[in-house]
Amino acid sequence: TGLRDRLEEKETFVAVPIRIGGEIIGVLAIFKKFLDRDSVEKGVDLLQILATMIGMFYKLHERIDLERRDWEEEKRALTQVLEEKYSIEGIVGCSDAIKKLVALIKKVAPTDIAVLITGESGTGKSLIAKAIHFLSPRKEKAFITINCSAIPETLLEAELFGYEKGAFSGAYTSKMGKFELANGGTLFLDEIVDMPLSLQPKLLRVIQEKKIERLGGTTSIEVDVRIVAATNRNLEEEVKKGNFREDLFFRLNVVTIEIPPLRERREDIIPLALHFIR
């Protein structure tokens, strides 16, 4: 290698193999002036320890890189499956109601407007929300769901907007909220009617300004999120009762997609039965 020519007077060249198991993947070499024979042996020992650590780091990096590639492949495959599952073809039925529903979804999906999905429990509001996302230009980004009725009021704000370290007792690290996770994609607010009145002005402000602030934070974070909301109750009636803000209702209700229950489209029962049998 010609390294011998670079040696200066009283300088020693020491090289040790870098191993992973029984395989040698490289060499760690140094030039050093040693004072006596003992210090050379200690230097070799230290170099061997360093070579072992480098081998461990190399192996760890290799494993992380492999896992990252596996994860990317899994994500690609999962996205493809989701696109197939939640495409329009995933909505089964031949009734006029389903045909109108499909036509409306195709019309709404390519836009960025807010959508309110209404219908009884079990009619497939989540399925429609996913279909809208995967038929939109945002399909490569995240589809994030939060159920407003399943999370206590005290935690819902932190889940939506995230928090900074030390924002409250138990906040040992910072955490991104659903809005940040959905940035560039779609945020599905299920059972929006159950969102506490105290949080509704904050949601309205985010929709208007496209900015959020984490709990305990002082800086605004820009977010580009499409809002799709769903409810199994009459949101307009809840506005009249004072349980839901009227200005937020109009922001969410740009387009309404109402899903009729199966009892109102009985001609879809046989296609659905055949679909599940297959």
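Looking now at the overall build of the protein chain. When helices and strands are counted, the protein chain shows nine helices and nine strands. For a compact globule of 278 residues, the expected C-alpha radius of gyration is about 19 Å, and the protein chain comes in at 30 Å, more than 25% above that figure. The C-alpha extent of the protein chain, read off along each of the three principal axes, is 95 × 50 × 30 Å. The buried share of the protein chain, taken over its 278 residues, is 37%. At a minimum sequence separation of 6, the contacts of the protein chain that also span at least 24 residues come to 69%. Summing over all exposed atoms, the protein chain offers an accessible surface of approximately 17,300 Å²; the carbon and sulfur share of this is 53%. Separation of charge centres in the protein chain, based on 42 positive and 44 negative side chains, amounts to 1 Å.

Most of helix α3 (residues 125-134) sits out of view: eight of its ten residues are buried. Among the residues of α3, those classed as buried are Lys 125, Ile 128, Ala 129, Lys 130, Ala 131, Ile 132, His 133 and Phe 134.

The next thing to look at is the nonpolar core. If you look at soluble globular proteins, the nonpolar side chains tend to sit buried side by side. Ranked by size, the top nonpolar core spans 30 residues in total, and within it Phe 179, Leu 187, Leu 189 and Ile 192 carry the most contacts. Among the secondary structure elements, those contributing two or more residues to this core are β4 (143-147), α4 (153-161), β5 (186-190), α6 (200-209), β8 (226-231), α7 (235-241) and α8 (246-252). The leading source of residues in this core is α6, at four residues. Setting aside residues no more than four positions away along its own chain, Ile 192 makes contact with Leu 116, Cys 148, Leu 203, Ala 229, Ala 230, Thr 231, Leu 235, Phe 244 and Leu 252.

Turning our attention to the pattern of salt bridges. In total, this model carries 18 salt bridges according to the counting rule given. Among the salt bridges present, the one from Glu 72 reaches Arg 68, with a minimum N-O distance of 3.1 Å. Note that Glu 72 and Arg 68 are positioned in helix α1 (residues 37-85) at a spacing of four residues, about one turn of the helix. The class of Arg 68 is partly exposed, set by a relative accessible area of 40%. Put simply, Glu 159 and Lys 175 hold a salt bridge, and the shortest N to O gap is 3.2 Å. Here Lys 175 lies in the loop between α4 and α5 (178-181) and Glu 159 lies in helix α4, a separation of 16 residues in the sequence. For Glu 159, a relative accessible area of 22% gives the class partly exposed. Taken together, the shared-partner salt bridges in this structure form one network comprising Asp 65, Arg 68, Arg 69 and Glu 72.

Where nonpolar side chains cluster on the molecular surface, the patch consists of Leu 46, Ile 49, Leu 50, Met 53, Phe 57, Leu 60 and Ile 64 and spans about 680 Å² of accessible area. Relative to the helices and strands, Met 53 is located in helix α1.

This model, assessed by the stated rule, comprises five aromatic pairs. Between Phe 13 and Phe 31, the aromatic rings sit 5.3 Å apart at their centres with planes inclined by 45°, giving tilted as the arrangement. Here the residue Phe 13 occupies a position in strand β1 (residues 12-20), and Phe 31 occupies one in strand β2 (residues 23-32), the gap between them amounting to 18 residues. Judged by relative accessible area, which is 30%, Phe 31 ranks as partly exposed. Between Phe 143 and Phe 188, the ring centres sit 6.1 Å apart and the planes meet at 25°, which makes this aromatic pair stacked. In this pair, Phe 143 sits in strand β4 while Phe 188 sits in strand β5, placing the two residues 45 residues apart along the sequence.

Buried residues of α6: Gln 200, Leu 203, Leu 204, Val 206 and Ile 207, and no others. Buried residues of α6 fall within an arc of 160° about the axis and therefore sit on the same side. Contacts from the buried residues of α6 go to α4, α5, β5, β6 (211-212), β8 and α8. Directly beyond the C-terminal end of α6, a positive phi value near 60° is found at Lys 210.

The rules behind the values
Residues numbered from 1 in each chain as written. Predicted model: local features only at pLDDT ≥ 70, side-chain atom pairs only at ≥ 80, totals over all residues. Heavy atoms only, no water. Helix = DSSP H or I, 4+ residues; strand = E, 2+ residues; numbered from the N terminus. Rg over C-alpha atoms; globule rule 2.2 N^0.38 Å. Buried < 20%, exposed > 50% of the residue type's maximum accessible area, 1.4 Å probe, protein only. Contact = heavy atoms within 4.5 Å. Areas by Shrake-Rupley, 256 points an atom, 1.4 Å probe, with all protein chains shown as cover. Lys, Arg positive; Asp, Glu negative; His and termini not counted. Charge placed at Lys NZ, Arg CZ, Asp CG, Glu CD. Core = buried A, V, L, I, M, F, W, Y, C linked by side-chain atoms within 4.5 Å. Salt bridge = Lys/Arg side-chain N within 4 Å of Asp/Glu carboxyl O. Patch = residues over 30% accessible without salt bridge, like charges linked within 9 Å, V, L, I, M, F, W, Y side chains within 5 Å. Phe/Tyr/Trp six-rings, centres within 6.5 Å; stacked < 30°, edge-to-face > 60°. Arc of directions from axis to C-beta.

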